[in-house]
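Fold and geometry: a report
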Amino acid sequence: MNQRLKSIDLSTTSGDTSSGILDEKVLYLVSQSINWDPHILCLMSCVCRKVSAVAKRVLWKELCISRAPRMVEGMAPANGGWDSLAKILFYCCGGKPSPNFQAEQVLKGHFAIASRFSKTSGQSFLIKKCQTDVLYICDPCEHSTGNISAAGGSGGVDGGAGNDDDLGVFRGVFKGFVKSKTRECLIKRQIQFEDHIRCPYCKSRVWSMTLAKLVPTKSALRKLGSVDGSRLEYFVCVHGHLHGTCWLTRLSSDDEDDGLVGSSSTGKTSSSGEEICETVIYL
């Protein structure tokens, strides 16, 4: 009993944020009981520096592994930390004008109700020389430009009047970006970082894939459901986080998808026999 009390005293008096093992256990169990709710984890991370440190070291990692184990295996902390990776899984960063993409409105970021990431779709965003890279791409989040709410939009098409096209915002992440062919091409072509654009997920410097001429326009447009290559732009940061915007042709009610169907990790086979590796993540 005395030895147990002594260990508690040591853990509560130490100023080292990594020594509060009892606090970490409590936070872990609480987070597990709420199924790693990202909203609550964000609030917990704002309580104090110590809780924020525990969240970065433990909680965000467990959230990522719990929701997308196959997808995130071997990614973080090489991809800018678990908190950045968790943000990619659940958060649409919104859209704003860029040097190669003109838009009249700025869309605020928001949590996505459901996100479907696909490694197979990611190949459509890589030129032939970089096809050995592993890139997970999320289906574009559709924003109606005709009637965007003051809160920044819900991420879905709201049927408001205005433009015929919707703004699509998509995101993704490379696995092993440091050793990727894409990064090698960016460096060999001496592509400069963008001056006024930062990664919305880790605040790092970004390259324009459009400026680097590393966008396979036809295949990327086909996957996004867009029709005009001049209306597509995406960036990748030094940690391999990808984000971009495009204009989507608005579909009629008869053509719209009925919704996302699937488990947290699925493995399917296309008509050509190629394995379709996709992960559906629900908020």
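Owing to the predicted nature of the structure, the values given are computational and were not obtained by experimental measurement.

Considerations on the state of the cysteines
Under the counting rule described, the total for this entry stands at zero disulfides. The closest cysteine sulfur to the non-disulfide-bonded Cys138 is located on Cys141, 7.8 Å from its own sulfur.

Here's the deal with the pattern of salt bridges
Tallied over the entire structure, the rule returns three salt bridges. Two residues, Glu24 and Arg57, come together in a salt bridge whose shortest N-O distance is 2.3 Å. Highlighted residues: Glu24 in helix H2 (residues 21-33) and Arg57 in helix H4 (residues 49-67), separated in sequence by 33 residues. Taking the shortest distance from any N to any O, the salt bridge between Arg116 and Asp139 comes out at 2.7 Å. Within this pair, whereas Arg116 is found in strand S3 (residues 114-118), its partner Asp139 is found in the loop between strand S4 (134-138) and strand S5 (141-144), the two being separated by 23 residues in sequence.

Considerations on the nonpolar core
Among the nonpolar cores identified, the biggest contains 39 residues, and Leu59, Met71 and Leu89 are the most heavily contacted of them. Among the secondary structure elements, those contributing two or more residues to this core are helix H3 (38-45), H4, helix H5 (69-72), helix H6 (82-90), S4, strand S6 (165-175) and strand S8 (232-237). When residues in this core are grouped by element, the largest group, eight residues, is from H4. Leave out the neighbours within four places in its chain, and Met71 touches Leu89, Phe117, Tyr136, Val173, Lys175 and Thr279. Ranked by size, the runner-up nonpolar core spans 26 residues in total, among them Phe177, Leu186, Ala212 and Val236.

So, the confidence of the model for the protein
Mean pLDDT over the protein: 79, with 74% of residues reaching 70 or higher. Predicted confidence in the protein is weakest over helix H1 (residues 2-13), with a mean pLDDT of 40, and strongest over helix H8 (residues 181-188), with 97. This model gives residues 1-22 a pLDDT under 50, and the stretch forms twelve contacts once residues within four places in sequence are excluded. Here residues 269-275 is modelled with pLDDT under 50, and outside its nearest four sequence neighbours on either side it reaches eight contacts, counting other chains as well.

Points about H8
Residues of H8 that are buried include every one of Thr182, Cys185 and Leu186, and no others. With its buried residues spanning 100 degrees around the axis, H8 presents them on a single face. Buried positions along H8 lie against S6, strand S7 (206-208) and S8. Just past H8, the residue Gln190 takes up positive phi, approximately 55 degrees.

A word on the packing of H3 against H4
Contact geometry of H3 with H4 gives a least axis separation of 10 Å together with a crossing angle of 165 degrees. Taken together, H3 and H4 sit at an angle that is classed as roughly antiparallel. In terms of crossing hand, the pair formed by H3 and H4 is left-handed. Contact residues: Pro38, Leu41, Cys42, Met44 and Ser45 in H3; Val51, Ser52, Ala55, Leu59, Trp60, Leu63 and Arg67 in H4.

A closer look at the pairing of S6
In terms of burial, S6 is largely enclosed, as ten of its eleven residues are buried. Relative to S6, S5 runs antiparallel, the two being bridged by four bridges. If you follow Cys141 over to S6, its bridge partner there is Val169.

A closer look at the packing of H4 against H6
In the contact formed by H4 and H6, the axes pass within 8 Å of each other and the chain directions differ by 35 degrees. As for how H4 packs across H6, the hand of that crossing is left-handed. Side by side, H4 and H6 meet where Lys56, Trp60, Lys61, Leu63, Cys64, Ile65 and Arg67 of the first sit next to Trp82, Asp83, Leu85, Ala86, Leu89 and Phe90 of the second. When its residues are assigned to classes, the contact of H4 with H6 shows nine nonpolar, no polar and four charged.

Considering the environment of Leu224
By the element assignment, Leu224 lies in helix H9 (residues 217-224). With 23 residues separating them in the primary sequence, Leu224 and Trp247 have C-alpha atoms 9.0 Å apart. Look past the residues within four positions of Leu224 in its chain and what remains in contact with it is Phe125, Pro140, Phe170, Leu232, Cys246 and Leu248.

Description of the packing of aromatic side chains
As enumerated under the stated definition, the model contains eight aromatic pairs in all. Each ring, one from Phe177 and one from Trp207, has its centre 6.4 Å from the other, and the planes form 45 degrees; the classification is tilted. You can see Phe177 sitting in the loop between S6 and H8 and its partner Trp207 sitting in strand S7, a full 30 residues away along the chain. Here the aromatic cluster, defined as three or more aromatic residues joined through ring pairs, consists of Phe174, Phe177, Phe193 and Trp207.

How each quantity is defined
- Residues numbered from 1 in each chain as written.
- Predicted model: local features only at pLDDT ≥ 70, side-chain atom pairs only at ≥ 80, totals over all residues.
- Heavy atoms only, no water.
- Disulfide = S-S within 2.5 Å.
- Salt bridge = Lys/Arg side-chain N within 4 Å of Asp/Glu carboxyl O.
- Helix = DSSP H or I, 4+ residues; strand = E, 2+ residues; numbered from the N terminus.
- Core = buried A, V, L, I, M, F, W, Y, C linked by side-chain atoms within 4.5 Å.
- Buried < 20%, exposed > 50% of the residue type's maximum accessible area, 1.4 Å probe, protein only.
- Contact = heavy atoms within 4.5 Å.
- pLDDT = per-residue confidence, 0-100.
- Arc of directions from axis to C-beta.
- Axes fitted to C-alpha atoms, helices over the stretch in contact; angles between N-to-C directions.
- Parallel < 35°, antiparallel > 145°, perpendicular 65-115°, else oblique.
- Left-handed = near helix turned anticlockwise from the far one by under 90°.
- Pairing = 2+ DSSP bridges.
- Nonpolar A, V, L, I, M, F, W, Y, C, P; charged D, E, K, R; others polar.
- Phe/Tyr/Trp six-rings, centres within 6.5 Å; stacked < 30°, edge-to-face > 60°.

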